[in-house]
Amino acid sequence: MTATTAGPGTGTTRTDVPELRIDAVSLRFGGIQALDEVSFTVRPGTVHALIGPNGAGKSSCFNVISGLYRPTEGRVVLGETVLPELRPHRLAALGIGRSFQNIALSMHSTVLDNVMLGRHALTHGGFLSGGFRLPWTVREERRHAARAAEICAFLGLSHVVETPVGALPYGLAKRVDVARALAVEPRILLLDEPAAGLNAVETADMAATIVDLRAALDISVLLVEHDMGLVMGIADRVSVLDFGRLIADGPPAAVRRDPEVVKAYLGTGENGECPR
Amino acid sequence: MSETALATPEFSAAGRPAGRLRRRNWPAIIAWAVVLLILVLLPLYLPPGLLSAGQYVMVGAVGAIGLTLVFGQAGQLSLAHAFFLLVGGTAYSVLAGETTQAGAERIVGFGWPPLLALIGAVVITALFGLAFAPVAGRLKGIYLGIASLALVYIGFYLGRALPALTGGASSGRNPEPFSLFGFPFTNEGDIALFGVPLRQPERLWYLFLVVLVIGYLLAAGAMRGRVGRAWRAVRDHEAAAAAMGVNVLRAKAVAFAVSAAYAGLAGVLLVLWYGLLKPDESEFGNYGLNTSIAFLAMVLIGGLGSIPGAVAGALIVWGSQQILTLFAADLGLGTALSGFSPTVISLYVYGLAVIAVVLFEPGGLAAIGRNTVAALRGRRRSDMDSSGASGRRSAPPGKDGK
Ligand SMILES: Nc1ncnc2c1ncn2[C@@H]1O[C@H](COP(=O)(O)OP(=O)(O)OP(=O)(O)O)[C@@H](O)[C@H]1O
Ligand SMILES: [Mg+2]
């Protein structure tokens, strides 16, 4: 349980971050080949970006990793463990946290309540023990709430912990989603378009946050993002999907010059921003 | 993703992490103490009719808490509440009763102590709820509602088909009166409070009150913590709930079981209140669709997911029915509206209340209560609530995972 004690900003170095290997994964929806023998590896402690045009299969890839979709072929391996298919609730305990492309929070619950959901796999107790507020449940709850508050503070959410998420501006809600994924104490953090819909300032903030949390927690980050500026600025490695196929995989500078990538993003202009 | 298309699911007071970061909320504690004191003193002053009406409302409140948990908090529509009521009442009657011979029919009983029988009945009903879980895991929204409705008709059939357990639809069976460690909840023995003798009606009132308070605190405590968060996540976004470690199928199953347990408990109280377990002879009875709908009305009027709201909803729905029955003659309803029984009229009353809630305040009485408290405290909570209701609801629905 080093994960529960290493806080953002403590600078604890951890050695338990395994690599995440996507191994020849294919996924078909009827006639659509959403993923076609995609393979890449997220190395421990790196920020790995997964990019591609709309409908390229980025979210589908996330959903396969998260166990929400069963791949038609291939497998996902975390360290030595083959990740279970269609058992998405088991992944949090394995140290995989994720955020969603479209905000998937409980709008009527407070920020802290939403972030506390991330502690689910780390805590215990059912209806009766919670209902009777047995001393150990209360103690556990308090301990984890303190940690959740810490994570909120790290994401600049301290002033809104008691606010219902529905009352927050979009930019802050996006950060709550990331905070909740972090509350899982992940060894690998999957972020699906954390900067989608954010303005330039918020996007820069988000980029800084991702860099900071990777440094503070020493975890791997797998990032789907449309914003090329953000990706090229913070990613150690970039994989590019197009129509479900992996067309490039390498350091940002090399990927940017790859002719296939340029072709896939044709018409994007010289600023490298891909079409939305 | 929310299945609760009828109204906005309410974030209940129970979901607020009060006391986690803040210190004790004294005004609220004092308010609750006053309410409790009134409820303790009330039976000393109420006439028999109102006393009985109050007991009936408390029975409804216990059941409504169960429904608001599964529907409001976990997002699973259940129309099976009346069935679980019947299961609870029957289980208690069988476990606590003695085996008797009524004509040609042998009526089975185990002769357990009533407290044990009550607990057994709750457990049995919870297991019935759990048995429904595979269906609950596969269906959503109104489809789940319709499927759960099938249970009500199964209950209607079984109630008549198993007279050995239920006593049959024509005569029913008399449940063993409740007693606690030898203290009977009947007219036996002489005890008094402030000079008022406590007979069966008063004793039952206190029994129901204690059961309601325990059920209330249990629900509120659970919804405040880990289980409540998991259920709300299942309600709002299943894929996200799973990604955070919640076993969605399991959470739905437990929610159904807990809700059934509350309904079963209400079913036990109901047979104690009637002094009779009597399966329905027609579809429109104590355990029919109309009762499931009445519970639905309670939780909608109270505000989906709100536990105090469920209690208030029970007061309006079952309270109005009892009051109309009691005062039907005084109000001239018997003659002027011949053909309309008080039960039918109360149906219109709470039907209109549901429509009013849907039109004017989807958050129900709970939202009205919260806004009032906020206004009294001069806080800007109400502004926050209203912006919360309209705020980001226009965000695109999540397509991830589903
Ligand atoms: N549940 C599903 N059923 C059928 N088709 C699906 C499903 N999920 C995704 N798809 C299809 O798979 C393809 C890849 O979709 P995916 O959401 O993974 O793309 P993406 O790269 O995340 O795109 P975006 O940038 O728009 O988020 C698309 O053609 C999409 O329509
Ligand atoms: Mg996507």
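Look above for the structure.
Residues numbered from 1 in each chain as written. Chains lettered and ligands numbered in written order. Predicted model: local features only at pLDDT ≥ 70, side-chain atom pairs only at ≥ 80, totals over all residues. Heavy atoms only, no water.

Draft legend 1. Expanded view of the overall build of chain A. Counting its regular elements, chain A contains ten helices and ten strands. Relative to the globule expectation of 19 Å for 276 residues, the C-alpha radius of gyration of chain A, 19 Å, shows essentially globular dimensions. Judged by the C-alpha coordinates and their principal axes, chain A covers about 60 × 40 × 35 Å. Evaluated residue by residue, chain A yields a buried proportion of 59% over its 276 residues. Total accessible area on chain A stands at roughly 10800 Å², and carbon and sulfur atoms take up 54% of it. For chain A, the distance from the average position of its 27 positive side-chain charges to the average position of its 30 negative side-chain charges is 5 Å. (Helix = DSSP H or I, 4+ residues; strand = E, 2+ residues; numbered from the N terminus. Rg over C-alpha atoms; globule rule 2.2 N^0.38 Å. Buried < 20%, exposed > 50% of the residue type's maximum accessible area, 1.4 Å probe, protein only. Areas by Shrake-Rupley, 256 points an atom, 1.4 Å probe, with all protein chains shown as cover. Lys, Arg positive; Asp, Glu negative; His and termini not counted. Charge placed at Lys NZ, Arg CZ, Asp CG, Glu CD.)

Draft legend 2. Focus on unusual backbone geometry. Residues and elements named next belong to chain A. A positive phi angle, close to 50°, is found at Ala24, a residue other than glycine. Note on placement: Ala24 falls in strand β1 (residues 20-29). A positive phi is found at Asp218, a non-glycine position, where the angle reads about 60°. Here Asp218 is to be found in the loop between α7 (200-217) and β8 (220-224). By relative accessible area, which is 24% here, Asp218 ends up partly exposed.

Draft legend 3. The arrangement of the pattern of salt bridges in detail. Residue and element names in this part refer to chain A. Following the criterion strictly, the structure yields 19 salt bridges over all chains and no others. The partner of Arg21 in a salt bridge is Glu19, with the nearest N and O atoms 4.0 Å apart. In this structure Glu19 comes out as partly exposed when scored by relative accessible area, which is 28%. Asp192 is the salt-bridge partner of Arg98, the closest N and O atoms lying 3.9 Å from each other. Placement of the pair is Arg98 in strand β6 (residues 96-98) and Asp192 in strand β7 (residues 188-192), with a sequence separation of 94 residues. (Salt bridge = Lys/Arg side-chain N within 4 Å of Asp/Glu carboxyl O.)

Draft legend 4. Main features of the nonpolar core. Core analysis: the biggest nonpolar cluster contains 137 residues, and A:Leu20, A:Phe127, B:Leu69, B:Tyr92 and B:Trp231 have the highest contact counts within it. There are two domains that each give this core at least three residues, and those are domain 1 (1-95 + 186-276) and domain 2 (104-183) of chain A. With residues near it in sequence (within four places) discarded, B:Trp231 still touches A:Phe127, B:Leu69, B:Gln73, B:Ala74, B:Met223, B:Ala251, B:Val254, B:Ala255 and B:Val258. The next biggest cluster of nonpolar side chains, apart from the first, holds 39 residues, and it includes A:Val176, A:Val178, A:Ile219 and A:Ile234. (Core = buried A, V, L, I, M, F, W, Y, C linked by side-chain atoms within 4.5 Å. Domains from an automatic or database assignment. Contact = heavy atoms within 4.5 Å.)

Draft legend 5. Looking closely at helix α17 (residues 364-377) of chain B. Residue and element names in this part refer to chain B. Counted at 1.5 Å a residue, the expected span for α17 with its 14 residues is 20 Å, and the 20 Å between its end C-alpha atoms agrees. By the burial criterion, the buried members of α17 are Gly364, Ala366, Ala367, Arg370 and Ala374. Looking straight down α17, one finds its buried side chains confined to an arc of 130°; they lie on one side. In this structure, α17 carries Ala375 and Leu376 as exposed residues pointing more than 90 degrees from its buried face. Looking at the residues trailing α17, positive phi occurs at Gly378, about 70°. (Expected span 1.5 Å × (residues − 1). Arc of directions from axis to C-beta.)

Draft legend 6. Fine view of the coordination of the magnesium ion (ligand 2). Residues and elements named next belong to chain A. Donor atoms from the polypeptide that coordinate the magnesium ion (ligand 2) comprise Ser59 (OG) and Gln101 (OE1), at 2.0 to 2.1 Å from the metal. Here the residue Ser59 occupies a position in helix α2 (residues 58-65), and Gln101 occupies one in the loop between β6 and α3 (111-117), the gap between them amounting to 42 residues. Judged by relative accessible area, Ser59 falls into the buried class, the value being 15%. What makes Gln101 buried here is its relative accessible area of 17%. (Donors = N, O, S within 2.8 Å, 3.2 Å for Na, K, Ca; no water.)

Draft legend 7. Focus on the sheet that holds strand β2 (residues 32-42) of chain A. Residue and element names in this part refer to chain A. On the basis of which strands lie adjacent, the open sheet formed by four strands has the order β2-β1-β4-β5 and antiparallel pairing. Taken across any chain shown, the strands that pair with only one partner, and hence form the sheet edges, are β2 and β5 (81-82). Pairing of strand β4 (residues 73-78) with β5 involves two bridges; the strand directions are antiparallel. Counted as the bridge partner of Val77 is Val82 from β5. The sheet strands contacting α2 are β1, β2 and β4, and the helix crosses β1 at an angle near 115°. (Pairing = 2+ DSSP bridges. Axes fitted to C-alpha atoms, helices over the stretch in contact; angles between N-to-C directions.)

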